[in-house]
Amino acid sequence: MGKIGFVAIGAGVLAVIAILFNKNKIMEAFKGASENVYSFISSLEGFYDVPYWDYSQWSVGYGSGFNWDTNTPVTKDTRVDKETAKRWLLAEAEKNMITINTNVKVPLNVNQRTALAAFVYNVGDGAFKKSTLLKKINANAPRAEIEAQWKKWNIAGGTVNNGLVNRRAKEIKMFFS
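These lines cover the structure that appears in this document, whether it is placed above or below. (Residues numbered from 1 in each chain as written. Predicted model: local features only at pLDDT ≥ 70, side-chain atom pairs only at ≥ 80, totals over all residues. Heavy atoms only, no water.)

## Brief notes about the pattern of salt bridges
As a reminder of what qualifies: Salt bridges are defined by distance alone: a side-chain nitrogen of Lys or Arg within 4 Å of a carboxyl oxygen of Asp or Glu. Summary of the burial criterion: residues with accessible area below 20% of their type's maximum are buried, those above 50% are exposed, and those between are partly exposed, where the area comes from a 1.4 Å probe applied to protein chains only. A helix here means a DSSP run of H or I that spans at least four residues, while a strand means a run of E at least two residues long, and both kinds are numbered starting from the N terminus.
Overall, the coordinates contain 10 salt bridges when judged by the stated rule. Between Glu-145 and Lys-136 there is a salt bridge, with the nearest N and O atoms lying 3.0 Å from each other. Lys-136 sits in the partly exposed class, given a relative accessible area of 24%. Here Glu-171 ties to Arg-167 by a salt bridge, and the two come within 2.9 Å at their closest N and O atoms. In this pair, Glu-171 and Arg-167 both sit in helix α7 (residues 162–175), 4 residues apart, roughly one turn of the helix. Assessed through its relative accessible area of 0%, Glu-171 is described here as buried. Salt bridges here are not isolated pairs; linked through shared partners, they connect Glu-45, Arg-167, Arg-168 and Glu-171.

Shown next as structure tokens:
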């Protein structure tokens, strides 16, 4: 293997190390905030030990649509206790925190991260990555513009959902506190 091959392999190894290092830094920061994230999201979601149909999927616990123990979607037969539900919520929130830290390009305080973790937990990381809300946050847009975009995420099943209206108000309040 020539020098170019070693350089390419070396660069690849360095990229992997950088990714792992940044992920570790993100996870260290998340661990410190995880109790805040758990408390906030669980207060928004409520606890259900039996599954319920949530517009497009079965959900259980604190709104989990994914069974983190079996790596499968929640089914109508999935049951959880509060300990399991908390573990699943934190696993999902950890994944979402990586999405937030990877896509938000401006500094965030703990309350802003917590609010965004709750938002991404609810709408999913794919929707968040494509959102105008993310673009506004990254542009340091005025508060009114960020709030207006956040409030648009209040539709479920094709209609305005009062539960989502209330949730967005709480997320916005957390974000700007």
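## Details of the layout of surface pockets
Note the cut-off: A pocket, in this scheme, is an open set of points on a 1 Å grid over the protein atoms alone with protein on both sides within 12 Å along at least 5 of 7 lines, while a cavity is a set where a 1.4 Å probe fits but cannot get out; residues line either one if an atom lies within 4 Å of a point. Grid points are joined across faces, edges and corners, and a volume is the space filled by probe spheres set on the points. Asp, Glu, Lys and Arg are counted as charged, while Ala, Val, Leu, Ile, Met, Phe, Trp, Tyr, Cys and Pro are counted as nonpolar; the rest, among them Gly, fall into the polar class.
Here the largest pocket is characterised by a volume of approximately 810 Å³. Secondary structure elements with two or more residues in the lining of the largest pocket: α1 (3–45), β1 (48–53), α2 (82–103), α3 (110–123), β5 (155–156) and α7. Take the lining of the largest pocket: its biggest share by element is 6 residues, from α7. Residues that form the lining of the largest pocket fall into these classes: 14 nonpolar, 11 polar and 9 charged.

## Topic: the packing of aromatic side chains
The test is simple: In this analysis, rings of Phe, Tyr and Trp, with Trp reduced to its six-membered ring, are considered paired at centre separations within 6.5 Å, and the interplanar angle assigns stacked below 30 degrees, edge-to-face beyond 60, and tilted for intermediate values.
Taken as a whole, this structure holds 10 aromatic pairs when the rule is applied. Both rings, one in Phe-119 and one in Trp-153, keep their centres 5.5 Å apart while their planes meet at 90°; by these two values the pair is edge-to-face. Placement of the pair is Phe-119 in helix α3 and Trp-153 in the loop between α6 (143–151) and β5, with a sequence separation of 34 residues. Residue classification places Phe-119 among the buried positions, given a relative accessible area of 0%. An aromatic cluster of at least three residues, connected via ring pairs, comprises Phe-119, Phe-128, Trp-150, Trp-153, Phe-175 and Phe-176.

Coordinates in, geometry out; function isn't part of it.
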